[in-house]
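# Coordinates in review
Below are the chains, spelled out letter by letter.
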Amino acid sequence: MRHPLALDRREYHSTSRNEILPFIAVGLLGVTTVYSYRALQQMDQDWEEYYDAVEEYKKETGIDIEKQAEVAAAFEKGTSTASSSQNNAVDDMSSLFTGGTLAIDMGTSTIKLSHRQQTNIRKKKVDPVVVVDREGYRSTPSLVWMGQDNDEGNVVGRLALARSHDNKGGNIIHPRQALSNNDAMGVEATREFIHNAASNALDQILGGSGSGGKRGGGSSNSLFVLDSSMATKGSYNVRPVFTYPHPTDSNSDENRFIECYRNAVNELTAPLGIASFVSEPVATVTGAEYFNLLPPKGSGESVIVVDVGGSSTSISLVNGDKEVLHSMQLEFGGDTFVDALVSHLIRTFDGFKYEPQSSSKPTLSDTAALQRLYEASTSAVHELSTKTRSEINIPYLTMDLESRQPKHLEVGMARAVVENEVENYISKSLVPALNNEKTNVLSQAFQSPSTLSALFSSVIMSMLEQTAHTPYNLRAILLVGGGSRIPLVRESLKSGVAVLAGDAYVNGAEGKRLIIPGGEMGDELNVIGAAISASGG
C-alpha cells in the first residue's frame, strides 16, 4: 500500500525542474549582465587612459597620432602624384614632424636650406635658421659634375663649380634646368644633389650619420619620414618643403615642373608624396610679412616681387590671398656681372688671341684659363658689391708661345667698368631679344630701354598694365635675391620705380613702398618664407 505522501519518481523530477530552471535562467542572466556592465566599464576606463596617454604624448612630442595615421592612410597607395585629398592632408600635417620643417630653395645658381623647429622649450614657435654647408657657407653652388665613367661618381657643390668650365671630360648638370627639361639622367643627378645637401643639413641639426641609407619609395631608410617610429639611422621625422619658380608663360602648365620635381624627391620620402611645394614669390611675401618688412595692408594688398637670381630675374605680382597673378622673366642676374667681367678680361688681356663668341657666355679654347678667370671674376664681383675697386691677380694664367714664358694677369678693376659692360649687354643684347620675341614684357608706353633703370621701369609698367594695377594701389615692391646686393641693381630699381611713382615712393620717410632688405635677408627671404609657410606660419 502506497504512503499518501509518496510521489512518483517521474513527478518528483518534473516538479523540481519546473521550479529550479527559471531561477537558474535568472541567475545566469544576472551574472551575464553584471559581467557585461563591468566589462563595458573597464573598456571605457581603458579608452580614457588611452586618450589621456595620447594627449600626454602629444604635449611632450608635438605628434598627433590620430592625425598621423589619417595622413599616412591618405598616402597608403604610394602613388607618384598626390590627389587633391592627399594634398590637403599634406598641407595640414606640420605638427606631425618632431624634427620640424626643412625648406629647400634650389635656385639657378645656388641652393639654400632653412630649418624651423616646431617649438622651443617654452612651447613657442621659433624663427627659421639658414643652415650652413660643410664648408661653412650659407648657400651651395647648384651644380653636379657627372664623370663619363661610372667609377668616377658624381661631384656636387663647390667641387663641381671648380669643374664648371674645365669639366675634365665629364658633364655639368644644372639641377633646375634638368628638372625643366625632364631629363632622366639630370633628374637622377638632381635627386642625388638634394639628398647630399639635405642630409648634411639634417645631420648638423638633428645628428645622425646623414647618409640616408638605401633610398626607395616607402623605405624605412628614406631621408624624410612621416612616422617617427620609421626614423632610423640617416632618416629624419622632418617635413620637407621645396620652392619652385612660377611659370612666366600664360600657356605653360604650372604643374609640369612641380610634377617632375615631385617625382625627383619622392624617393627621398616615406610614404610617397609627403613633400610640400610653395611658389617662390609667395614664399618671399610670407617671409617679408613674418619679419614685418612690408607696410600695412591699408595701402594696398598686392606685392610686386623682383627676384634677381643667378642667371635670371623674375618679376611677379602676388595678391593678398597669396596667389601669383602674373610673372615675367628676364635673362639677367648676378651671373651677368661675372660674365661681363670675364668677357672684358678676355678682350683686354694680351695673352689671349681673339676668338669669335658663339653665345652670350664668354668662351675660350683654353678651358683651364677660362675656369680661373671665372673664379677670379666671381670673387671680384662680390668684392665690388661693397667696394668701388678690386684687384684681380691670376699668376701663370697662360703661356707666351713665342718667348715660352708664363703670362700673369694683374689688373685693378673699377666697379664702373663692370657696370658699363652690363649696361652694354642690356642695350645691345637683352632688349633687342625682348623686342624680337614680341612678348608683353616691355611696356608700349615707354621707349625701348637702353639702361637697367629704364628696363625696370618698362617691365614693371607692363605688369601693372596687364593686371589693372597702379603703383599706388600696391602694398609694396620688394627686391630680393642674391643679385639684390649689387649696387647697380639696387640703384637702378630705385630710379626706375621713382619714374613711375615719384621719389617719395622710394625714399620717403612716410609712405615708402620700395622695400630692399639689407644684409643676407634679401638673399634668404625666399627659403625662410618657405619654412614659415610649411610650419603653420
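Up top is the structure.
The sections below set out a description of the structure shown in this document. All values derive from a computational prediction rather than experimental measurement. (Residues numbered from 1 in each chain as written. Predicted model: local features only at pLDDT ≥ 70, side-chain atom pairs only at ≥ 80, totals over all residues. Heavy atoms only, no water.)

### Focus: the sheet that holds strand 18 (residues 514-515)
- Read from one edge to the other, the open sheet built from five strands follows the order 14-13-12-17-18, with strand pairing classed as mixed. A strand with exactly one partner marks an edge of an open sheet, and here the two such strands are strand 14 (324-330) and strand 18.
- As paired strands, strand 12 (residues 302-308) and strand 13 (residues 313-318) are joined by six bridges and run antiparallel to one another. Bridged to Val305 within strand 13 is Ser316.
- Lying over the sheet, helix 12 (residues 452-466) contacts strand 12, strand 13, strand 14 and strand 17 (474-480), oriented at roughly 155° with respect to strand 14. (Pairing = 2+ DSSP bridges. Helix = DSSP H or I, 4+ residues; strand = E, 2+ residues; numbered from the N terminus. Contact = heavy atoms within 4.5 Å. Axes fitted to C-alpha atoms, helices over the stretch in contact; angles between N-to-C directions.)

### With respect to the pairing of strand 17
- Burial runs high along strand 17: seven of the seven residues are buried.
- As judged from the six bridges shared by strand 12 and strand 17, these two strands associate in the parallel manner. When the bridges of strand 17 are listed, Val306 appears paired with Leu479. (Buried < 20%, exposed > 50% of the residue type's maximum accessible area, 1.4 Å probe, protein only.)

### With respect to the packing of aromatic side chains
- A complete count under the given rule lists six aromatic pairs for this structure.
- Among the aromatic residues, ring-to-ring pairing joins Phe242, Tyr261 and Phe277 into one connected group.
- It is Arg163 that lies over the ring of Trp145; its NZ or CZ is 4.2 Å from the centre. (Phe/Tyr/Trp six-rings, centres within 6.5 Å; stacked < 30°, edge-to-face > 60°. Lys NZ or Arg CZ within 6 Å of the ring centre and 35° of its normal.)

### Description of the pairing of strand 2 (residues 110-116)
- Judged by how many residues are buried, strand 2 sits mostly within the fold: six of seven residues are covered.
- Bridging between strand 1 (residues 101-106) and strand 2 involves six bridges; their strand directions are antiparallel. Following the sheet pairing, Thr101 is matched in strand 2 by Arg116.
- In this structure, the hairpin formed by strand 1 and strand 2 is closed by a connection of three residues.
- Here strand 2 runs beside strand 4 (residues 140-141); their pairing, made up of two bridges, is antiparallel.

### Notes on helix 12
- In this model, helix 12 (15 residues) spans 21 Å end to end at C-alpha, consistent with the 21 Å of a helix rising 1.5 Å per residue.
- Most of helix 12 is tucked away: 11 of the 15 residues are buried.
- Residues of helix 12 that are buried: Leu452, Ser453, Leu455, Phe456, Ser457, Ser458, Val459, Ile460, Ser462, Met463 and Leu464. (Expected span 1.5 Å × (residues − 1).)

### Structural notes on the environment of Ser276
- By the secondary structure assignment, Ser276 is in strand 11 (residues 276-279).
- When the C-alpha atoms of Ser276 and Ser533 are compared, they prove to be 10.0 Å apart, with 257 residues separating the residues in sequence.

### Side note on the side chain of Ser142
- Along the polypeptide, Ser142 turns up in the loop between strand 4 and strand 5 (144-146).
- The exposure class assigned to Ser142 is buried, which follows from its relative accessible area of 1%.
- In contact with Ser142, other than residues within four places in its own chain, are Met106, Gly107, Ser109, Thr110, Ile111, Ile173, His174, Pro175 and Phe193.

### Focus on the nonpolar core
- In this structure, Ile304, Phe332, Phe337, Leu373, Ile392, Leu455 and Val489 are the most contacted members of the largest nonpolar core, which totals 60 residues.
- Dropping the residues within four chain positions of it, Val489 is found in contact with Val308, Phe332, Phe337, Leu452, Phe456, Leu479, Gly483 and Ser484.
- In this structure, Phe97, Leu113, Tyr236 and Val238 belong to the second largest nonpolar core, which totals 38 residues. (Core = buried A, V, L, I, M, F, W, Y, C linked by side-chain atoms within 4.5 Å.)

### What about unusual backbone geometry?
- For the bond from Ala270 to Pro271, the omega torsion is 0°, close enough to zero to count as cis.
- Positionally, Pro271 belongs in the loop between strand 10 (269-270) and strand 11.
- You will see that Lys322, though not glycine, has its phi angle at about 60°, which is positive.
- You can see Lys322 is positioned in the loop between strand 13 and strand 14.
- Taking the relative accessible area as the measure of exposure, Lys322 reaches 28% and is therefore partly exposed.

### What to know about the packing of helix 8 (residues 280-290) against helix 15 (residues 521-534)
- Axis separation between helix 8 and helix 15 bottoms out at 7 Å; the angle between their running directions is 80°. Taken together, the axis directions place helix 8 and helix 15 in an arrangement best described as roughly perpendicular. Across from Glu280, Ala283, Thr284, Thr286, Gly287, Ala288 and Tyr290 in helix 8, the residues of helix 15 making contact are Leu525, Asn526, Gly529, Ala530, Ile532 and Ser533.
- For the contact of helix 8 with helix 15, the per-class residue count stands at six nonpolar, six polar and one charged. (Parallel < 35°, antiparallel > 145°, perpendicular 65-115°, else oblique. Nonpolar A, V, L, I, M, F, W, Y, C, P; charged D, E, K, R; others polar.)

### Describing the sheet that holds strand 5
- With antiparallel pairing, three strands are arranged side by side in an open sheet as 6-5-7. Each edge of the open sheet is held by one strand with a lone partner, namely strand 6 (154-156) and strand 7 (171-173). Averaged over all pairs of adjacent strands, the angle between strand axes in this sheet comes to 25°, irrespective of strand direction.
- In terms of strand pairing, strand 5 meets strand 6 through three bridges, oriented antiparallel. By the bridge assignment, Met146 is partnered in strand 6 with Asn154.
- Lying on the sheet, helix 6 (residues 184-206) is in contact with strand 5, strand 6 and strand 7; it crosses strand 5 at an angle near 125°.

### Details of helix 6
- The first and last C-alpha atoms of helix 6 sit 32 Å apart over 23 residues, in line with the 33 Å expected at 1.5 Å per residue.
- Immediately beyond the C-terminal end of helix 6, within one or two residues, lies Gly207, with a positive phi of roughly 85°.

### Here we look at the pattern of salt bridges
- Tallied over the full model, the rule gives 15 salt bridges.
- When the shortest N-O distance is used, the salt bridge between Arg191 and Glu188 registers 2.3 Å. Here Arg191 and its partner Glu188 are both found in helix 6, three residues apart, which amounts to about one turn of the helix.
- For Arg191, a relative accessible area of 7% translates into the label buried.
- Put simply, Glu391 and Arg389 hold a salt bridge, and the shortest N to O gap is 3.7 Å.
- Three or more residues joined by partner-sharing salt bridges are found here, namely Asp133, Glu135 and Arg158. (Salt bridge = Lys/Arg side-chain N within 4 Å of Asp/Glu carboxyl O.)

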